[in-house]
Amino acid sequence: MEELEFALHRVLIHVILICDVLFASRIYQAIGLFLQPLILGSCAAIIIFYCVYTAIRGHILIPLMAVGYVALVMTQLTVFADKLWLPVNTNAFFQYIWVMSFVPFAGVCLAGGRTYLLKCVVGYGTGYCCFYALVSMMQMVGVLPGKILAGLVSDLDFRGARIFLYSGLAALTYFYWLVQIRTRVTWVSLSFFLICTLASLLSLSRVYLLVIFCLTIVFMLSPRPAFLRILAISVLGLGTTFVLSGMLVPAFNPFDLFASDASGAYRALEYEVMRDRIFADPLWGFGMSPTSDASKPFLGPYLIFPGDVGSVGVWFEFGLIGLVLYLVILWRCSTPQRSLPMKYGWPLFLTGTMLTAYGAMAPLAIAPGGATMTGLIFGVGLTANVQQRNQKRRSQLLPGSLRRTISAQ
């Protein structure tokens, strides 16, 4: 019976990771938009299953956290609908579902599949980085038709078009192979590390590259979790203070400092629009728009993307309560995973510090490009005590002589 149960967990792990890679990387758009409801519906069904599973296992806090998140998102969708006198679009909730991936990940860990889960994540991440690097280079030399890549390409003003990178998974995979080559250099580890590095470089994402570069330097010179965490939280604190300073001083727009850059100038415009709406309703903000186009009648002729302006964007969409929860999530993301072996604990911790530091400028930790990695960090962290108890129980069942031999080794 246990083998059959674990086989089910293995299948569900692969399903949710495949769905996540297809959705967060936008690959599904190149295949066909018909995949979106299938992907999101499958993930929702898996999450519901694991809510029941974790409750049966006696971990009622996990499904309660999921219910609280659902309540927050549905409340903010209602806030938006009320402002525009529109019916509530409940289907829009599914685009925010990836934060809830912590539920199935925690369920798998409770079933004893933590190591298998982490191996699968690294495997899918490595495969994705290889795919991304290959497709990006083919796109740069014009081998692939533009029609095939239309859904994957992001236009970055003067930097031109490039393939959209699933940053969260790419960062976790990059850090995994970084830890491997720091421990022991092999041709396999070095090759995959270089491929992951190339994939990140080809993304042309300046803030993302700056964050992982700084974390890499600090980790290679002095791998101390406490120092890395303080560094990430300091960047988050200073960046958040800077972005929110414009809320306290209405005459100041933080993004005016970057107005010489095309993206910086547009962010300054978005900041002004969002700040006005937050002032109108500080507790609930503007609410969650089902699509960017849906908010245009209320916000003006320009498309407004809350993720462009960091914590102010979170306040705009999730309200003041959501902003507080967002900062708590980032604080938790930067907590070391001490219950894990080094080969998995360090990559997960470094990814969490990346999400924390990056959160000063953009909410990657709760966006599709990083929410599943946040879910992985929370899912593993919520079940750490269970793993330690199980290991202690198994060691107590061993004969005394064997325990002494293991301890000596």
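Residues numbered from 1 in each chain as written. Predicted model: local features only at pLDDT ≥ 70, side-chain atom pairs only at ≥ 80, totals over all residues. Heavy atoms only, no water.

Per an unreviewed UniProt entry, the protein chain carries the name O-antigen ligase domain-containing protein and comes from Rhizobium wenxiniae.

This paragraph deals with the overall build of the protein chain. Broken down by element type, the protein chain carries 18 helices and two strands. The C-alpha radius of gyration of the protein chain comes to 22 Å, within 12% of the 22 Å expected for a compact globule of 409 residues. C-alpha atoms of the protein chain, sized along the principal axes, occupy 75 × 45 × 45 Å. Within the span of the protein chain, comprising 409 residues, buried residues form 50% of the whole. For the protein chain, the share of sequence-separated contacts (at least 6 apart) that also reach a separation of at least 24 residues comes to 74%. For the protein chain, the distance from the average site of its 27 positive side-chain charges to the average site of its 16 negative ones is 18 Å. (Helix = DSSP H or I, 4+ residues; strand = E, 2+ residues; numbered from the N terminus. Rg over C-alpha atoms; globule rule 2.2 N^0.38 Å. Buried < 20%, exposed > 50% of the residue type's maximum accessible area, 1.4 Å probe, protein only. Contact = heavy atoms within 4.5 Å. Lys, Arg positive; Asp, Glu negative; His and termini not counted. Charge placed at Lys NZ, Arg CZ, Asp CG, Glu CD.)

Moving on to the packing of aromatic side chains. Following the criterion strictly, the structure yields 23 aromatic pairs and no others. A centroid spacing of 6.5 Å and a plane angle of 55° characterise the contact between Tyr69 and Phe93, whose relative ring orientation is tilted. Taken together, the positions of Tyr69 in helix H4 (residues 61-84) and Phe93 in the loop between H4 and helix H5 (102-110) put the pair 24 residues apart, joining distant regions of the chain. On the accessibility criterion, Tyr69 (13% relative accessible area) is buried. The exposure class assigned to Phe93 is buried, which follows from its relative accessible area of 10%. For the pair Tyr176 and Tyr344, a centre-to-centre distance of 6.0 Å together with 25° between the ring planes defines the contact as stacked. Remark: Tyr344 occurs in helix H15 (residues 342-358) and Tyr176 occurs in helix H8 (residues 167-183); sequence separation between them is 168 residues. Residue classification places Tyr176 among the buried residues on the basis of a relative accessible area of 8%. Among the residues examined, Tyr344 registers a relative accessible area of 7% and is labelled buried. Three or more aromatic residues joined by ring pairs form one cluster here, namely Tyr176, Trp177, Phe192 and Tyr344. (Phe/Tyr/Trp six-rings, centres within 6.5 Å; stacked < 30°, edge-to-face > 60°.)

Taken together, Leu283, Trp284, Leu320, Ile321, Val324, Leu325 and Val328 make up a surface patch of nonpolar side chains, about 570 Å² in accessible area. Here Ile321 is to be found in helix H14 (residues 311-333). (Patch = residues over 30% accessible without salt bridge, like charges linked within 9 Å, V, L, I, M, F, W, Y side chains within 5 Å. Areas by Shrake-Rupley, 256 points an atom, 1.4 Å probe, with all protein chains shown as cover. Salt bridge = Lys/Arg side-chain N within 4 Å of Asp/Glu carboxyl O.)

In this fold, Ser311 is placed in helix H14. Every residue in contact with Ser311, bar those within four places of it in the chain, is listed here: Thr240, Val243, Leu244 and Leu323.

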